[in-house]
Amino acid sequence: MALDLLSECLKNWSGGYVEMRHHRREMLTITVKDGKMDAVNCGVTEGACARVLIDGSWGFASTTSLEKKDVTKIIEDAASLARASKPLKKRRVDLGTVDAYEDSYETPMHKDPAKADKEELVRLAIDVDKEVRSFSPRIVSDNVALRIIDDKLEFLSSEGSRISQRIVRCYGGVMVVAMEKGSIASAYESIGAQCGLEILDETPLEEAGRKAAERADKLASARVAPGGVFPVILENRIVGLLAHEAVGHCSEADLVYGGSFLAGKIGEKVASEKVTLIDDGMFPRGFGTMKYDDEGVPTEKTVIIDKGVCKGYLHSRETAHQFNVKPTGNARAWTFEYDPIIRMRNTYIEAGDYSLEELAETIKDGFFLKGGLSGQADFTGEFMFGTQEAVKIRNGEFAESYRGVTISGNAFEVLKNVDAVGKDFLMRIGMCGKEQVNYVGMGGASLRTKLLLGGR
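This structure is a prediction, so every number in the text was calculated from the model and none was measured. (Residues numbered from 1 in each chain as written. Predicted model: local features only at pLDDT ≥ 70, side-chain atom pairs only at ≥ 80, totals over all residues. Heavy atoms only, no water.)

Draft legend 1. Local environment of the overall build of the protein. Of regular secondary structure, the protein possesses 10 helices and 22 strands. Seen through its C-alpha atoms, the protein measures out along the principal axes to roughly 70 × 55 × 35 Å. Across the 456 residues of the protein, 55% fall into the buried class. For the protein, the proportion of contacts with a sequence separation of at least 24, taken over those separated by at least 6, is 73%. Counting only carbon and sulfur atoms, one obtains 49% of the accessible surface of the protein, whose full area is about 19200 Å². Distance between charge centroids for the protein: 3 Å, based on 60 positive and 69 negative side chains. (Helix = DSSP H or I, 4+ residues; strand = E, 2+ residues; numbered from the N terminus. Buried < 20%, exposed > 50% of the residue type's maximum accessible area, 1.4 Å probe, protein only. Contact = heavy atoms within 4.5 Å. Areas by Shrake-Rupley, 256 points an atom, 1.4 Å probe, with all protein chains shown as cover. Lys, Arg positive; Asp, Glu negative; His and termini not counted. Charge placed at Lys NZ, Arg CZ, Asp CG, Glu CD.)

Put into structure tokens, the structure is as follows:
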């Protein structure tokens, strides 16, 4: 057992605070592209790391070897780096106090992917590809992907924590490209959760493929939406992206320390009273869910914005001490090769009680924006995202579809303009790229606001 190895290597250490992690990641990736098997990859990444705090300075080292001498050496190497870097530090590092835990956690699941028939999963991806390509003669390209990530994480600290976690994520996606008279449109749909393969029964990959094919086929002959400032309904998928990229990052304490939009705004109104925004470390099936973060801190439900008022930030042990608050369990690392940094877990805007029809009924001339794509945002709240489809709203009724448009502005201005939130809550899967990638959940319900559309 890896915890026993870490414990054996650490037992004679007395030179400062030490935390050690072991991480074994088993991966399966299946991709089918344009009717051809693109890849079936199985792999394992495994190793251990040590982070040492001496006289207010961190040192970090890792190894892919699980030999006792090599694991012991990374403690020594990390300590040496901590001492060497101390003269270069601009400020001293101190840690917020936490209890020591001896505990274990495993993703709740009904169909453990470790017991899965890989050939059956390959056949599924091939069948989805066939169905997508046969949907319409306008479909010119597609990509079907199915992935399983099985993480085994162990954490040990000189304070007495001893934690073991197994976190399993099963997910997939379908990208479809359609063409009509030289005009090209693309669409993407994904499924997935932190759970077992039962997710493929609950949200079939075939259904995601059909939705993507239908949207790409429809939009290939659609016009480009007009540009300008409009009242809009943002679909729940886009709301999750906005909550994470444009708002959530502004609440990460390391970025707050650097002067993000939310710096110094605790207790101030920063959004409409209709908006409550949360980062939850134990959201059921959330892609970023874990019982303990990579500093051994229990995760929690952290309220960032409560009815429009800024209430708190996301913290590691280090920033919790700086801000004189308790750690929130937001320190996460991609693999054993990285030290933990402040990351979101599952970030979402709470649902309201409006149906889509009720959200639309007061809009005389606007759009229902659907299908969030990637984009960019900074820690001032400024953002620019792509959307897949813009459905015209005319006198409260949904009308014709246009090609997706880019949306841009300041997220907090957009949230200040929210006057209604829907009840169609959805938690999506996501990947965040802050310094090192990591899995996150992004959620919300459709909401009504106004913003700038970049169209023709």
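Draft legend 2. Up close: the packing of helix α3 (residues 118–133) against helix α5 (residues 205–219). Viewed as axis vectors pointing N to C, α3 and α5 meet at an angle of 25 degrees, and their least axial separation amounts to 9 Å. The angle between the axes of α3 and α5 places the two elements in the roughly parallel class. As α3 runs across α5, the sense of the crossing is right-handed. For the pair α3 and α5, the contacting residues are Leu124, Val128, Glu131 and Val132 in the first and Leu205, Glu206, Gly209, Arg210 and Ala213 in the second. Taken together, the residues of the contact of α3 with α5 sort by class into five nonpolar, one polar and three charged. (Axes fitted to C-alpha atoms, helices over the stretch in contact; angles between N-to-C directions. Parallel < 35°, antiparallel > 145°, perpendicular 65-115°, else oblique. Left-handed = near helix turned anticlockwise from the far one by under 90°. Nonpolar A, V, L, I, M, F, W, Y, C, P; charged D, E, K, R; others polar.)

Draft legend 3. Spatial organisation of the environment of threonine 289. Looking at the secondary structure, you find threonine 289 in the loop between β9 (277–280) and β10 (301–306). Residue classification places threonine 289 among the buried residues on the basis of a relative accessible area of 3%. Threonine 289 sits 95 residues away from glutamine 194 along the chain, and the two C-alpha atoms are 7.5 Å apart. With residues near it in sequence (within four places) discarded, threonine 289 still touches Tyr105, Ile167, Arg169, Gln194, Gly281, Met282, Phe283 and Asn346. Within polar-contact distance, the side chain of threonine 289 engages the backbone oxygen of phenylalanine 283 at 2.6 Å. (Polar contact = N/O pair within 3.5 Å; in protein donor to acceptor, adjacent residues only side chain to side chain.)

Draft legend 4. Spatial organisation of the sheet that holds strand β14 (residues 346–349). Here six strands make up an open sheet; going across it, the order is β11-β10-β9-β14-β21-β20 and the pairing mixed. On the outer flanks of this sheet lie β11 (309–310) and β20 (426–432), each paired with one strand and no other. Pairing analysis gives seven bridges linking β20 to strand β21 (residues 438–444), with the strands arranged antiparallel. Across the sheet, methionine 427 pairs through a bridge with glycine 443, a residue of β21. With respect to the sheet, helix α6 (residues 236–247) is in contact with β9, β10, β14, β20 and β21, its orientation differing from that of β21 by roughly 125 degrees. (Pairing = 2+ DSSP bridges.)

Draft legend 5. Structural context of the pattern of salt bridges. All told, the structure shown has 43 salt bridges when counted by the stated rule. Of the charged contacts in the structure, one is a salt bridge between arginine 138 and aspartate 217, with a shortest N-O distance of 2.7 Å. Here arginine 138, found in the loop between α3 and β5 (139–157), pairs with aspartate 217, found in helix α5; they are 79 residues apart in sequence, far enough to count as distant. Looking at arginine 138, the relative accessible area reads 28%, which means it is partly exposed. When the shortest N-O distance is used, the salt bridge between glutamate 235 and arginine 237 registers 3.4 Å. (Salt bridge = Lys/Arg side-chain N within 4 Å of Asp/Glu carboxyl O.)

Draft legend 6. Inspection of the packing of aromatic side chains at higher detail. Under the criterion given, the structure shown has 15 aromatic pairs. Where tyrosine 171 meets tyrosine 439, the ring centres are 6.3 Å apart and the plane angle is 70 degrees; that geometry is what we call edge-to-face. Here the residue tyrosine 171 occupies a position in strand β6 (residues 162–180), and tyrosine 439 occupies one in strand β21, the gap between them amounting to 268 residues. Each member of the pair, tyrosine 171 together with tyrosine 439, is buried. With 5.9 Å between their ring centres and 80 degrees between their planes, phenylalanine 367 and tyrosine 402 make a pair best called edge-to-face. Separated by 35 residues along the polypeptide, phenylalanine 367 in strand β15 (residues 365–377) and tyrosine 402 in strand β17 (residues 397–403) bring together distant segments of the chain. Tyrosine 402 carries the same exposure label as phenylalanine 367, and that label is buried. By way of ring pairs, the aromatic residues Tyr171, Phe287, Trp334 and Tyr439 are connected into one cluster. The ring of tryptophan 58 has arginine 51 sitting right over it, with the charged end atom 3.7 Å from the ring centre. (Phe/Tyr/Trp six-rings, centres within 6.5 Å; stacked < 30°, edge-to-face > 60°. Lys NZ or Arg CZ within 6 Å of the ring centre and 35° of its normal.)

Draft legend 7. Structural context of the nonpolar core. Grouped together as the largest cluster of nonpolar side chains are 48 residues, with contacts concentrated most on Leu234, Leu242, Phe367, Leu369, Ile407 and Leu453. Per-element accounting of this core gives the leading share, seven residues, to α6. Setting aside chain neighbours within four positions, we find phenylalanine 367 in contact with Ala225, Pro226, Phe230, Pro231, Val232, Ile233, Ala390, Val391, Lys392, Ile393, Tyr402 and Leu453. One finds Val32, Leu124, Val144 and Ala178 within the second-largest nonpolar core, a separate group that totals 35 residues. (Core = buried A, V, L, I, M, F, W, Y, C linked by side-chain atoms within 4.5 Å.)

Draft legend 8. Quick look at the environment of serine 85. With respect to the helices, strands and loops of the structure, serine 85 is situated in helix α2 (residues 68–85). Between the C-alpha atom of serine 85 and that of serine 57, which follows or precedes it by 28 residues, the distance is 6.8 Å. Once residues lying within four places of it in the same chain are set aside, the contact partners of serine 85 are Ser57 and Trp58. Polar side-chain contacts of serine 85 include one of 3.2 Å to the backbone oxygen of alanine 82.

Draft legend 9. Representation of the pairing of strand β2 (residues 36–54) within the structure. Where strand β1 (residues 17–33) meets β2, 17 bridges bridge the pair, whose relative direction is antiparallel. Counted as the bridge partner of isoleucine 30 is valine 40 from β2. The antiparallel pairing of β1 with β2 creates a hairpin that spans two residues between the two strands, and aspartate 34 there sits at a positive phi of about 50 degrees. Of the strand pairs in this sheet, β2 and strand β3 (residues 57–63) are connected by seven bridges, and their pairing is antiparallel. Residue pairing across strands places alanine 50 opposite alanine 61, the latter belonging to β3. Hairpin connection between β2 and β3: a loop of two residues separates the two successive antiparallel strands, and aspartate 55 in this loop has a positive phi of roughly 50 degrees.

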